[in-house]
Amino acid sequence: MAAGETQLYAKVSNKLKGRSTPLLLEPLLAMGFPVHTALKALAATGRKTAEEALVWLHDHGNDPSLDDPIPQEYALFLCPTGPLLEKLQEFWRESKRQCAKNRAHEVFPHVTLCDFFTCEDQRVECLYEALKRAGDRLLGSFPTAVPLALHSSISYLGFFVNGSPADIIREFAMTFATEASLLADCSVKPCTKQLHLTLAHKFYPHHQRTLEQLARAIPLGHSCQWTAALYSRDMRFVHYQTLRALFQYKPQNVDELTLSPGDYIFVDPTQQDEASEGWVIGISQRTGCRGFLPENYTDRASESDTWVKHRMYTFSLATDLNSRKDSEASSRCSGEFLPQTARSLSSLQALQATVARKSVLVVRHGERVDQIFGKSWLQQCSTPDGKYYRPDLNFPCSLPRRSRGIKDFENDPPLSSCGIFQSRIAGDALLDSGIRISSVFASPALRCVQTAKLILEELKLEKKIKIRVEPGIFEWTKWEAGKTTPTLMSLEELKEANFNIDTDYRPAFPLSALMPAESYQEYVDRCTASVVQIVNTCPQDTGVILIVSHGSALDSCTRPLLGLPPRECGDFAQLVRKIPSLGMCFCEENKEEGKWELVNPPVKTLTHGANAAFNWRNWISGN
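Quick look at the structure, then. For clarity, every value in this text was computed on a predicted model and none was experimentally measured. (Residues numbered from 1 in each chain as written. Predicted model: local features only at pLDDT ≥ 70, side-chain atom pairs only at ≥ 80, totals over all residues. Heavy atoms only, no water.)

**Quick word on the pairing of strand 1 (residues 72-80)**
For step 1, the next point in the chain: Strand 1 sits mainly inside the fold: nine of its nine residues count as buried.
For step 2, the next point in the chain: The alternating pattern of strand 1 places Q72, Y74, L76, L78 and P80 on one face and E73, A75, F77 and C79 on the opposite face, and all of these are buried.
For step 3, the next point in the chain: Sheet topology places strand 1 next to strand 2 (residues 111-119); six bridges connect them, and they run antiparallel. Its bridge partner lying in strand 2, L78 is registered against V111. (Buried < 20%, exposed > 50% of the residue type's maximum accessible area, 1.4 Å probe, protein only. Helix = DSSP H or I, 4+ residues; strand = E, 2+ residues; numbered from the N terminus. Pairing = 2+ DSSP bridges.)

What follows is the structure, encoded as structure tokens:
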């Protein structure tokens, strides 16, 4: 955090006072989130529901500023509704089309009642109470109609609010400021100057006449309900440009941002010297992460597009109760402001149980080289002096170094090029699904460790989560070629090959304990003991445990969790033959019923067709 920000917010972290835990906060604390982080998420989402705050926390898992004591900035606006708002929005569109964009287009139609001010996250509900008190106090005297007078100058066009209605509105703003100071300990500056609703600002002088004509076409005779709306914004990006992502973008490098359509990106114009042509450096509003992004994937957005609406107070003494519901804020009736309430207790308990539920995702490795090129695959890609070369595009570009040379790959084959591609597709799909991987376990077979690494790379977790190599989930050794267990890469060799291996992990089943040609029962017992230790190794993790193993593991590593006995050996063999590359099984722990359940995997199946070898020498044109 910058020194200036530290000084600016030093008092924020020193003003915490003991208060009862709000209903919205309780489920987040029960999930293990720190108080200050949960409060920050609630403030950033308008304190609407615990679910929205939870999504925000999930998205901001890698936000470097998550723990910084940076409060939101708040402002109070008087906003028109109904037919008048529709006509004003029509003016916004036409003025932009005919006269280009000006400063007024950055914000929605409104009358500013209070300038932006800061409020500590734990005191935001006090602002809501201040708004309610101020509204209730002025409700009876609030003008039934707010007179608007058009004013035009060489750089400004808008409606002025004059006379006694303006005095009452200013009194409302001052009352809110006073109440906010008392209840929320905020320094709020109410608007005491000329009240105005800006139509155009800082436009080209030759557009003044056209803008005036468009403004005079706005009918002011319509009745209008006015609402006092409390908004917040991230104070760090006040002077930044705001971009909106138009297309999805998957980063090609670690310093690039992931974009989803509709994401907002904050861009500091003074920092763009570091970026190449066609690229910009920005900070994602959705994730808080900073990185490069292609500028042509975005479009300019308005400043207020990223503001968060918190609460509204509608001034009306006679309103149909059914028409006063507002899904974005609290329900209000007859001008009364009702504080936002949490979802029903049962709904929050269900949410908490779902989020805190431990899950296990078992994934088969990608396509292996010998699966395509047969048992003699190694002879096809070896030179007489034992060096590797690539005879077909589906062979990998290179092989990792092994202490005993290339021959050890014969019974421990790597992924094919298609297998590498499959693994990346699966990882990319897992990233899109929003799944949170908390730990990764892999069979010691090279193809499994490779698949785990590639999935983690697509999830942007390759440097944060180490792969725990567990020999206990290795393939049934009866199905392995030879009378001895395959020579597998050591942890040191894997690390040398740039695999992020957890060398401190103590496996349930040591590699030396693997027996060649073991019985089916011995294999089942080994997998059962291993998966039990894997689950118990992560008692505090509430994310997904990823197990990358062989096709057989989709059965042998899930049935023990589900409390099911082993299949008959013949049925097991028939089932495993049908499991494709990157096939998945997903188990969730149902704590309420004390059992595990098999549920839909977070991503779809990967299906692809065979591609036969082609030799152009055997092809004669025209025959």
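Additional details are given in the paragraphs that follow.
**Here we look at the sheet that holds strand 10 (residues 290-294)**
For step 1, the next point in the chain: Reading across from one edge, 10-9-8-7-11 is the order of the five strands in this open sheet, with antiparallel pairing throughout. Across the chains shown, the open sheet's two edge strands, defined by having one partner strand only, are strand 10 and strand 11 (298-300). Each strand axis lies, on average, 45 degrees off the axis of its neighbour in the sheet, ignoring direction. (Axes fitted to C-alpha atoms, helices over the stretch in contact; angles between N-to-C directions.)

**Some remarks on the nonpolar core**
For step 1, the next point in the chain: Of all hydrophobic cores here, the largest spans 56 residues; its most connected members are L76, F91, L127, F172, F176, L199 and W226.
For step 2, the next point in the chain: Take this core: its biggest share by element is nine residues, from helix 7 (residues 163-184).
For step 3, the next point in the chain: Excluding residues that lie within four positions of it along the chain, L199 makes contacts with L88, F91, W92, N102, A104, L150, L157, G158, F159, A215 and I218.
For step 4, the next point in the chain: Counting residues in hydrophobic clusters, the runner-up holds 43 residues, among them I406, L456, I467 and F586. (Core = buried A, V, L, I, M, F, W, Y, C linked by side-chain atoms within 4.5 Å. Contact = heavy atoms within 4.5 Å.)

**Re empty space enclosed by the protein**
For step 1, the next point in the chain: On inspection of all chains with the given rule, the structure shows one cavity of 30 Å³ or more.
For step 2, the next point in the chain: Lining the largest cavity, in full, are R233, D234, F237, V238, Y240, T242, F266, E303, T306 and W307.
For step 3, the next point in the chain: When its residues are assigned to classes, the lining of the largest cavity shows five nonpolar, two polar and three charged. (1 Å grid on protein atoms, 1.4 Å probe; cavity = no way out; pocket = protein on both sides within 12 Å on 5 of 7 lines; lining within 4 Å. Points joined across faces, edges and corners; volume = space filled by probe spheres on them. Nonpolar A, V, L, I, M, F, W, Y, C, P; charged D, E, K, R; others polar.)

**Overview of helix 5 (residues 82-99)**
For step 1, the next point in the chain: In a regular helix each residue adds 1.5 Å, so 18 residues correspond to 26 Å; helix 5 covers 26 Å between its end C-alpha atoms and thus fits that length.
For step 2, the next point in the chain: Among the residues of helix 5, L84, L88, F91, W92, S95 and C99 are the ones counted as buried. With its buried residues spanning 105 degrees around the axis, helix 5 presents them on a single face. Residues of helix 5 that are exposed and point more than 90 degrees away from the buried face comprise E86, R93 and R97.
For step 3, the next point in the chain: On its buried face, helix 5 sits against strand 1, strand 4 (156-161), strand 5 (195-201), helix 8 (208-216) and strand 6 (226-233). (Expected span 1.5 Å × (residues − 1). Arc of directions from axis to C-beta.)

**Some points on the packing of aromatic side chains**
For step 1, the next point in the chain: In the structure shown here, the tally under the stated rule is 29 aromatic pairs.
For step 2, the next point in the chain: Aromatic pair F91 and W92: ring centres 6.1 Å apart, planes at 70 degrees, arrangement edge-to-face.
For step 3, the next point in the chain: Both rings, one in F172 and one in F315, keep their centres 5.1 Å apart while their planes meet at 90 degrees; by these two values the pair is edge-to-face. Here F315 lies in strand 12 (residues 308-315) and F172 lies in helix 7, a separation of 143 residues in the sequence.
For step 4, the next point in the chain: For F172, a relative accessible area of 0% gives the class buried.
For step 5, the next point in the chain: Overall, the relative accessible area of 8% leaves F315 in the buried class.
For step 6, the next point in the chain: Pairwise contacts between aromatic rings join F77, F108, F116, Y231 and W307 into one cluster.
For step 7, the next point in the chain: One residue, K453, lies across the ring of F499, its end atom 6.0 Å from the ring centre. (Phe/Tyr/Trp six-rings, centres within 6.5 Å; stacked < 30°, edge-to-face > 60°. Lys NZ or Arg CZ within 6 Å of the ring centre and 35° of its normal.)

**Focus on the sheet that holds strand 20 (residues 595-599)**
For step 1, the next point in the chain: Strand order in this open sheet of six strands is 17-16-18-15-19-20, and the pairing throughout is mixed. With one partner strand each, in any of the chains shown, strand 17 (467-469) and strand 20 form the two edges of the open sheet. Here the strands of the sheet are splayed against their neighbours by 25 degrees on average, with no regard to which way each runs.
For step 2, the next point in the chain: Pairing of strand 15 (residues 359-364) with strand 18 (residues 544-549) involves six bridges; the strand directions are parallel. Note that in strand 18 the partner of V362 across the bridge is I547.
For step 3, the next point in the chain: Against the sheet, helix 15 (residues 520-537) engages strand 15, strand 16 (437-442), strand 17, strand 18 and strand 20, with an angle of about 150 degrees to strand 18.

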